[in-house]
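# Architecture at a glance
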Amino acid sequence: MKKRLVLCLSLILAACGSLFAQADLQPLAIVKLNKSETITLKQLKTRVDIYSRQTGGATFTIEQKKDILQAMIDEKLVCQAAAKAGMNLTDTQVNQYFLQNVGAQLGRSVTEAEFEQIIKQQTGQSLDEYMKASVGLGVVEYKAYLKNQLLAQQYVVNQKQDQIAKAAPSDDEIRAFYELNKASFVQNDMLKLFLVIFPKGDNASAAKTGADNLLAELKAKKTTCDAIKKNASAAKTYQGGDLVISKTAPHAQQLGITYAELLELFGKEKNYISSVTETATDFQFYVIRDKYSAKMLGLSDVVQPETTITVYDYIKSNLTNQKQQQALIQAVQDVTNSLNKPENVEYKKSGAALDKLLNW
């Protein structure tokens, strides 16, 4: 009797699992502009899960799930329209975009192998495991998702490029933005530092001698900072270049010194030449080439010394980006509305039937 009971329970559970699987495979919509592509309940659940992971575990209402479903339909419509127009993206282009996103998060460019090594060291996971845990998709699936997003965006931009390009702020808008945010346009105390670095490599003694000799030539006026910078690439034994730094804790951290040491540096006079100092990896010295006092910035002032971008240019560029993003969103809406016709999309579930399926 017990064996029969266990067997019955197993059969019931198996049947329930089969029913859930069948429910997940129910079609919600069919996009057929260029070819027939079905969006199932399972695909919608996967996309909702992706968005949930990307937003820190957020939950979505039935109406929000409908919006996500419509976004999936719009994406397929635009991708099919792009394919019909002969547009495509190579795997190389998608890989580059993937690595650009990774580089933006890490603050430096990396290869996929280097990124995988970083993930392994920090989490103990493979890149595929990490991607599935963080965004709900493996690397291959995530790149396919990125490809569709990129292709859809390129098609919309291609169709509405004039509309997007014309999106620009007026002079009055730029000046109004400045007046509203004037207090944030402040230049800290800054200085222009010429830094020379001799890496130790496998011969620390030679690096020390090179740094001492070049510093002696500079002090004796036998060479200049500009000459040192010009000869750095040819010499290949040292690096030399200008840095513009501000009197802030983040810049102290970037230079690898304490904030007290940064304040001491700012206390030096213009044209001050340091002695050679040793770090774990190199020998270095610096010259203070110029100093800039803190001040409020006007529209015609440069955002940062030693650059040509004014506050006006900076505001114009940022407002232009905002307006073009808004224009792109409107362009996406216009394009998808024009494509979303009964002959291109067949909605398989709607009304109360759709609400019931989305109530999970």
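The preceding data block contains the structure.
First things first, this report covers the structure right here in the doc. Small disclaimer: the values here were computed from a predicted structure and weren't measured.

## Let's talk about the packing of aromatic side chains
Per the counting criterion, the structure on display carries eight aromatic pairs. A ring pair is formed by Tyr 178 and Phe 185, whose centres lie 5.7 Å apart and whose planes are at 40°; its orientation type is tilted. Neither Tyr 178 nor Phe 185 differs from the other in exposure class; each is buried. A centroid spacing of 6.1 Å and a plane angle of 50° characterise the contact between Tyr 272 and Tyr 286, whose relative ring orientation is tilted. Residue Tyr 272 is located in the loop between α13 (259–266) and β6 (277–278), and its partner Tyr 286 is located in strand β7 (residues 282–292); the two are separated by 14 residues in the primary sequence. Given a relative accessible area of 29%, Tyr 272 falls into the partly exposed group. Through successive ring pairs, a cluster of aromatic residues spans Phe 98, Phe 115, Tyr 130, Tyr 142 and Tyr 145. Stacked on the ring of Trp 360, the Lys or Arg Lys 45 has its end atom at 5.4 Å from the ring centre. In this arrangement the basic side chain of Lys 200 is found over the ring face of Phe 283, its NZ or CZ atom lying 5.3 Å from the centre.

## As for the pattern of salt bridges
Applying the stated criterion to the full structure yields 21 salt bridges. In this structure, Asp 49 engages Arg 53 in a salt bridge whose closest nitrogen and oxygen atoms are separated by 2.9 Å. On the criterion of helical spacing, the pair formed by Asp 49 and Arg 53 is a turn pair, its members being four residues apart in helix α2 (residues 41–54). When its relative accessible area of 35% is taken as the criterion, Arg 53 is described as partly exposed. As a salt-bridge pair, Glu 346 and Lys 348 come within 3.0 Å of each other at their nearest N and O atoms. With a relative accessible area of 30%, Glu 346 lands in the partly exposed category.

## A closer look at unusual backbone geometry
A positive phi angle is found at Asn 271, which is not glycine, with a value near 75°. Tracing the backbone through its elements, the reader meets Asn 271 in the loop between α13 and β6. A relative accessible area of 54% means that Asn 271 is categorised as exposed. Of note, the phi angle at Glu 306 is positive, near 70°, even though the residue is not glycine. Of note, Glu 306 is situated in the loop between β8 (295–296) and α14 (311–339).

## Quick notes on the pairing of strand β1 (residues 27–31)
Counted residue by residue, β1 has four buried out of five residues, so it is predominantly covered. Looking at chain direction, β1 and strand β9 (residues 345–347) are connected through three bridges and run antiparallel. Each bridged residue has a counterpart across the sheet, and for Val 31 the counterpart in β9 is Val 345.

## Points about the sheet that holds β1
Strand order in this open sheet of three strands is β2-β1-β9, and the pairing throughout is antiparallel. The two strands at the open ends of the sheet, each matched to only one other strand, are β2 (37–40) and β9. Pairs of neighbouring strands in the sheet enclose a mean axial angle of 20°, with direction left out of account. One ladder, built from four bridges, connects β1 with β2; its direction is antiparallel. If you follow Val 31 over to β2, its bridge partner there is Glu 37. This element, α2, spans β1 and β2 of the sheet and lies at about 65° to β2.

The rules behind these values
- Residues numbered from 1 in each chain as written.
- Predicted model: local features only at pLDDT ≥ 70, side-chain atom pairs only at ≥ 80, totals over all residues.
- Heavy atoms only, no water.
- Phe/Tyr/Trp six-rings, centres within 6.5 Å; stacked < 30°, edge-to-face > 60°.
- Buried < 20%, exposed > 50% of the residue type's maximum accessible area, 1.4 Å probe, protein only.
- Helix = DSSP H or I, 4+ residues; strand = E, 2+ residues; numbered from the N terminus.
- Lys NZ or Arg CZ within 6 Å of the ring centre and 35° of its normal.
- Salt bridge = Lys/Arg side-chain N within 4 Å of Asp/Glu carboxyl O.
- Pairing = 2+ DSSP bridges.
- Axes fitted to C-alpha atoms, helices over the stretch in contact; angles between N-to-C directions.
- Contact = heavy atoms within 4.5 Å.

In short, geometric facts, not functional conclusions.
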